[in-house]
Each structure stands twice: as structure tokens, then as C-alpha cells.
Amino acid sequence: MAEKISGAEALMRSLEHEGVDILFGYPGGAIMPTYDALYDHKKTLNHILVRHEQGAVHAAQGYARVSGKVGCVIVTSGPGAMNTITGVADAMVDSTPLVVICGQVGASLLGTDAFQEVDVVGVTQPITKWNYQIRRAEDIAWAVARAFYIAKSGRPGPVVLDFTKNAQTAMFEYEPQKVDFIRSYKPVPQCEPSVIEKAAQMINESVKPFILVGQGVELAGAQKQLLDLCEKAQIPFGQTFLGLSAAPSDHPLNMGRLGMHGNLAPNVMTNQCDLLIAIGMRFDDRVTGNLKTYAKQAKIIHFEIDPSEIDKNVKVNLAVMGDCKQTLAEILPLVDSAKHDSWIAGFKPYAEKEYNKVIEPALYPTEGPLLMPEVVRKVSEATNNEAIMVTDVGQNQMFACRYFKFTKPRSVVTSGGCGTMGFAIPAAIGATFGAPDRTVCMFAGDGGLQMTIQEFGTIMEQQCPVKMILLNNNYLGNVRQWQYMFFDKRYSFTPMVNPDYELIAKGYGIPCRTVVDRKDLDAAIREMLDTKGPYLLQCAVLEEENILPMTPPGGNVDEMLLEVK
């Protein structure tokens, strides 16, 4: 006969059974029995107390993104559960595997507007891969096993479990369960051999092929398979935001970042290639710009695990469904060794034009205030381009993703699809737990930093070795740039009146230094990296700096602006 234990204890054992070793959370009334059970599992389940439930989800995202594991969150009902919604939606768009466990009132009180009761299942249904309300203790092992299987399989994403209080306290005979099959759920679609053969034929017949690398390559662990294909067939590639570390930044076939603030060459050449090969990316509007003019000259192959993404935004000639690690491996023997020297050389004039017009002045200024690009470049170089880059949202994000360089996979942690300000601090906390042997460099603006600045308390308590670089321009910089370009310079509520960040950092026991003059920057960066534990480096940067190049909203990808007037 199985041992009789409480539902809360069963949750702890189920999490351990799934290999969970770290939790991010915040206790409260409806989840208190679970936290009481957690008290006896401190040696196996390391719980990180955040200062806000949104921080718990973003921290779990950072953990999941750098580790490849499922991030796990525990919060209470009502406002606690609602505070996770932004992070859950962010994880859904960016395909981040999470299991979020929310307390709930007892089953007998459901629907009565009891204290701190919210319909969590109804609220989260559109923004999760799966959600479920656990009303009986007997369902715990099954629900947890199913939740982790769904979160991590196929295209990853968030799962929410709504855990009623009576299910936490009830006693029952617990037996662990394992779920690796759900009849109605096919996480990895099968690809017919004829489709692989057709894709190889299209690649072999192309004269000007171009690959778009998305985060799906990272999620599948297909970095080697990608480069094997690119190198064998000599196919140049560009990268999305979340796909930036799927290949080394200095690879000779890497033509740079795609999208609104990406590099000129890959954007222009998207509209000149004869074959566009998209791998693990979703043709986001910030990548495609005007769909009426996007790659109309090219045949398009889409390697994708999620059938809902096929033809959603861009009509394709061939869909190669499945795990791209497998499908790329299958196509490699069928692809001819090739050279596309003249096609690859065609990227160079655009790269040189951008370098001379935008990059060199941004990276190597000789006078005036500090610029965001030079700060990012120097931090990246000081870490030998081996660090994990975490960003907030705004100009700090755009500049960091343009000028930080990558040599290792799973090195990009940023809010892509949702663009969630306040993402950086908690996500960086999670990244330090997901990759404790790596340096985590976080870039944030003065706006986003204040949205989750309470997580300085988590950093203080845990001594998370986050190297925080505050790019302070006293503006909501990205919005200000749009107001400058498209709203006749009417800066409506974008100037920021900022607090004394050094004083705040001091209150949390976090070492801090402010740099105003570029002659002091190198020494400050070295001090930051040499300091054990957390550090805040505030850089006073040019207030009205613009991020360029830029494709105007709804514009054509091959008509990027290199300057604003």
C-alpha cells in the first residue's frame, strides 16, 4: 500500500520526481499548505524568494532560457496569480518552458467571490500551452507530470496549474507518475522523406540562398546541424533577436541581425535572394516589415515544429515540419557541396556602408557624452564575448543586441515578442541560477530598471552575481525616438526624472559606480567584472541618441534608414 501524505507534500515529491531543483516564488494564504510542506524539502528544492510575483516568472524565464530546463514558479491565489500574467504571456510568445503553480481557494468556495479568488484558468487559457485546476489531491501526480511534459515538449511554453487549498491539505495514497504521451497531443510532427528530398533539391538548385536563423535552433539544440548545412552549401545566414547566439557572431557566413533595427546587409539581401530558408522562426512583423514587398522574388522553405506558424504571416513554398535538429541532420547528406562566392560578396558593400555610416561612429567616438554602443562593445569584449547577455526593453535592448557579441549558445535572454519592460533584473537573477558558471551581464534603461527595481532585494539576499549596466539617458529612449521621428518631436511624457541609483544600490548593499567620462569606462568595467557578487554600473549616456539603422514601421526591409534628420 502506498504511503498516505498530504496533497502539498505530494506536490513537493512530484516536483522532485520531475528533476526540479529550484523554485521562484512568493507565499500567501491560499498556497500556505504548500509552503509548509516546502519547509521540509529545503535541501532538494532551492526556493528563491522574489519581491514580486512578476519577478518570479521572469526569473524562471531567465533560468529556463540559459539552462534548457523548465522554469518553475509557486505563488498564491488572486493578486499573486494575477501578478504572473505578464510573464506567462511573455513566455508563451517567446516559447519558454514554465510551470506556474498558483494557490486557489478551496473547491467548495469556487465561484463565490471568496477572498482572493480569481478565475485563473479562465484568465490564463489564451496565454498558456495548457492549464488545469487541481481540485482533488488524487490528481496531483498526474497533473504535474502532464504539465512538465507539455511545457518542455515540441514548441516549449508555459503551463499553469491552479491548486485548490483543499487539494493541498487532503490526505491520500501518493504514487509518482510519468507522462511521455498524450493521445490528442503531437508535439513533434513527422516529416515525410519526400519533403526532405524536395527541400534539398530546392537548395541545390538555388543560386542565391539565404537562411534566417530563429530561436528554434537554440531550443532544438541544433546549432551544429545549422552550421554543418551552412558550411557545406556555403549559405549565408541572418539571425532574429532570439536566435543571436545560435551561431558565433564572428562566423564568416553570419551576415548579422534581421529586423527593424538589424543590420543593413541581411535585410536588403532578403529581398534579393532566390531561396529564403527560415529555420525555427515565426516571421514576426519586426522581421518582415511590409509583407506586400517581403521576399516576393524568392521561393521559401520553412523548417518549423509548430504547424500553426506555417503560412500564418508569410506564404511558403515548402514546409519542413519537425524538430529542426533532426530535419537538418536528414537533409545534410542530400545537399550538394557548393560555393556562392559572388552572392556572398554581394553582402559586403551594404555591410561596409553601414559600418562607415553608423557602426564606426557609434563604437569609436572621440568626444561628447558616452554612447550606448561603445559601452555595450566594451563590456562584451571584456568578457571575451563569452557572457550571457540579458536585456530590458527599449533602446538598451536594441543597442545591446546589435553590439554584444556571442561565442556560446544560449547566451541571449531578452523579451522578444511581448517587449516587456522590467524583464531584465529578474531574468538576470534567474540566469545566474541557470548557468552559475557563466558571467551574466544585464543591460537596462532608466525606465525599465524602475519597473522591477524591488528585485534588488532578491539580489541582495541571494548575492546573485548579476553585472548590471544601467544605460541612463533620462528618457524612455525608444518611445522618445519614435516621437522624434514620427510625432514632430513632441516628447509626450518620455523625459524621466530619476532617483539617485547609487543611493538605492547602497541601500541594498550592491556595489555601484557611475561613469560620465569615457576615459573612466574601461577601469569601471574591469572593477565590475572583478567584483564578487552583484554590481551596478551606471553609465550616463547621450540623452537623445537614436538607434540606427531602422526600418520604419510597416516599411520595406530593403529601405532601412541610416540616419534621421
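Our subject is the structure that appears above.
Because the structure is a prediction, the values reported are computed rather than measured.

Enquirer: Go over the overall build of the chain, please, and point to the residues and values.
Expert: In terms of helices and strands, the chain carries 24 helices and 20 strands. Relative to its length of 565 residues, the chain is compact, with a C-alpha radius of gyration of 24 Å against a globular reference of 24 Å. Buried positions account for 60% of the 565 residues belonging to the chain. In the chain, the share of contacts with a sequence separation of at least 24, taken over all contacts with a separation of at least 6, comes to 76%.

Enquirer: Go over the packing of helix 17 (residues 372-382) against helix 18 (residues 395-403) with me, naming the residues and quoting the values.
Expert: Running from N to C, helix 17 and helix 18 point in directions that differ by 50 degrees, and their axes come no closer than 9 Å. As judged from the angle between their axes, helix 17 and helix 18 are oblique. Between helix 17 and helix 18 lies a crossing whose hand is right-handed. Across the interface between the two elements, Met372, Pro373, Val376, Arg377 and Ser380 from helix 17 touch Gln395, Asn396, Phe399, Ala400 and Tyr403 from helix 18.

Enquirer: Please set out the pattern of salt bridges residue by residue, giving values where relevant.
Expert: As enumerated under the stated definition, the model contains 18 salt bridges in all. One salt bridge connects Arg136 with Asp139, and the closest N-O pair in it is separated by 2.9 Å. Measuring nitrogen to oxygen at the nearest pair gives 3.3 Å for the salt bridge that ties Asp520 to Lys519. Lys519 gets classed as exposed once you look at its relative accessible area, which sits at 63%.

Enquirer: Explain the packing of aromatic side chains residue by residue, including any values.
Expert: Counted according to the given criterion, the structure contains 16 aromatic pairs. Relative to Tyr508, the ring of Phe456 lies with its centre 5.7 Å away and its plane at 90 degrees, an arrangement referred to as edge-to-face. In this pair, Phe456 is assigned in helix 21 (residues 456-462) and Tyr508 in the loop between helix 23 (501-507) and strand 19 (512-515), connecting sequence segments 52 residues apart. Three or more aromatic residues link up through ring pairs in this structure, and these residues are Phe24, Tyr63 and Phe433. Cation over ring: Arg146 sits above Trp130, and NZ or CZ is 5.1 Å from the ring centre.

Enquirer: Quick rundown of helix 11 (residues 223-233)? Include the residues and the values.
Expert: Listed as buried for helix 11 are Gln223, Gln225, Leu226, Leu227, Leu229, Cys230 and Ala233. Buried residues belonging to helix 11 abut strand 9 (209-213), helix 10 (215-220), strand 10 (237-239), strand 12 (275-279) and helix 14 (324-331). One or two positions beyond helix 11, positive phi appears at Gln234, with a value near 50 degrees.

Enquirer: Which residues make up unusual backbone geometry, and what values do they have?
Expert: Across residues other than glycine, the phi torsion is negative in most instances, and most of the peptide bonds are trans. Here the residue pair Leu548 and Pro549 is connected by a cis peptide bond, since its omega of 0 degrees sits within 30 degrees of zero. Its place among the elements puts Pro549 in the segment after strand 20 (535-540). Unusually for a residue other than glycine, Ser95 sits at a positive phi of about 55 degrees. Locating Ser95 in the fold gives a position in the loop between helix 5 (85-93) and strand 5 (98-104). Residue classification places Ser95 among the buried positions, given a relative accessible area of 6%. Phi is positive for Asn384, which is not a glycine, with a value near 60 degrees. Relative accessible area serves as the criterion here: at 54%, Asn384 is assigned to the exposed category.

Enquirer: Lay out the side chain of Glu374 with the relevant residues and their values.
Expert: Note that Glu374 resides in helix 17. A polar side-chain atom of Glu374 sits 2.6 Å from a polar atom in the side chain of Arg518.

Enquirer: Can you break down the pairing of strand 6 (residues 130-134) residue by residue, with the values?
Expert: The buried fraction of strand 6 is high, at four of five residues. Judged from the five bridges that link them, strand 6 and strand 7 (residues 158-164) form a sheet pairing that is parallel. Along strand 7, the bridge assignment pairs Asn131 with Val160. Read as a crossover between parallel neighbours, the route from strand 6 over helix 7 (residues 140-152) to strand 7 is right-handed.

Enquirer: Please give an account of the pairing of strand 17 (residues 440-445) that cites residues and values.
Expert: A large share of strand 17 lies buried, amounting to six of its six residues. Side chains Val440, Met442 and Ala444 of strand 17 all project onto a buried face; the interleaved residues Cys441, Phe443 and Gly445 project onto the opposite face, where all are buried too. Looking at chain direction, strand 17 and strand 18 (residues 466-472) are connected through six bridges and run parallel. Residue pairing across strands places Gly445 opposite Leu471, the latter belonging to strand 18.

Enquirer: Outline the sheet that holds strand 16 (residues 412-413), listing residues and values.
Expert: In sheet architecture, strand pairing relies on hydrogen bonds along the backbone and comes in two forms, parallel and antiparallel. The six strands are arranged 16-15-17-18-20-19 in an open sheet whose pairing can be described as parallel. Two strands close off the open sheet at either side, each with one partner strand: strand 16 and strand 19. Docked against the sheet, helix 18 engages strand 15 (388-391), strand 17 and strand 18, running at close to 160 degrees with respect to strand 15. This element, helix 24 (residues 521-530), spans strand 17, strand 18, strand 19 and strand 20 of the sheet and lies at about 165 degrees to strand 20.

Enquirer: Tell me about the sheet that holds strand 14 (residues 318-321), residues and numbers included.
Expert: Judged by pairing direction, the sheet is parallel, and its six strands sit side by side in the order 11-10-9-12-13-14 without closing on themselves. Whereas interior strands pair on both sides, the edge strands pair on one side only; in this sheet they are strand 11 (254-257) and strand 14. For this sheet, the mean angle separating the axes of adjacent strands, direction not counted, is 20 degrees. Here three bridges tie strand 9 to strand 10, and the two strands are oriented parallel to one another. Its bridge partner being in strand 10, Leu212 is matched across the sheet by Gly238. Relative to strand 9, helix 11 is tilted by about 165 degrees, and along the sheet it contacts strand 9, strand 10 and strand 12.

Enquirer: If you had to explain the environment of Asn267 to someone new, which residues and values would you point to?
Expert: Looking at the element boundaries, Asn267 is found in helix 12 (residues 264-270). Asn267 sits 248 residues away from Gly19 along the chain, and the two C-alpha atoms are 42 Å apart. Setting aside chain neighbours within four positions, we find Asn267 in contact with Arg257, Leu258, Gly259, Gly262, Val287, Val557, Asp558 and Met560.

Enquirer: Outline the nonpolar core, listing residues and values.
Expert: By size, the foremost hydrophobic cluster in this structure holds 100 residues, and its most contacted members are Ile211, Leu276, Phe283 and Phe443. Sorting elements by how many residues they give to this core places helix 9 (residues 193-205) first, with six residues. The contacts of Phe443, once residues within four sequence positions are left out, are Val376, Val379, Met389, Val390, Thr391, Asp392, Asn396, Ala400, Phe404, Ala424, Ile469 and Leu471. Grouped together as the second largest cluster of nonpolar side chains are 40 residues, Ile134, Phe148, Ile150 and Tyr174 included.

What counts and what doesn't
- Residues numbered from 1 in each chain as written.
- Predicted model: local features only at pLDDT ≥ 70, side-chain atom pairs only at ≥ 80, totals over all residues.
- Heavy atoms only, no water.
- Helix = DSSP H or I, 4+ residues; strand = E, 2+ residues; numbered from the N terminus.
- Rg over C-alpha atoms; globule rule 2.2 N^0.38 Å.
- Buried < 20%, exposed > 50% of the residue type's maximum accessible area, 1.4 Å probe, protein only.
- Contact = heavy atoms within 4.5 Å.
- Axes fitted to C-alpha atoms, helices over the stretch in contact; angles between N-to-C directions.
- Parallel < 35°, antiparallel > 145°, perpendicular 65-115°, else oblique.
- Left-handed = near helix turned anticlockwise from the far one by under 90°.
- Salt bridge = Lys/Arg side-chain N within 4 Å of Asp/Glu carboxyl O.
- Phe/Tyr/Trp six-rings, centres within 6.5 Å; stacked < 30°, edge-to-face > 60°.
- Lys NZ or Arg CZ within 6 Å of the ring centre and 35° of its normal.
- Polar contact = N/O pair within 3.5 Å; in protein donor to acceptor, adjacent residues only side chain to side chain.
- Pairing = 2+ DSSP bridges.
- Right-handed = clockwise from strand over helix to strand, strands pointing away.
- Core = buried A, V, L, I, M, F, W, Y, C linked by side-chain atoms within 4.5 Å.

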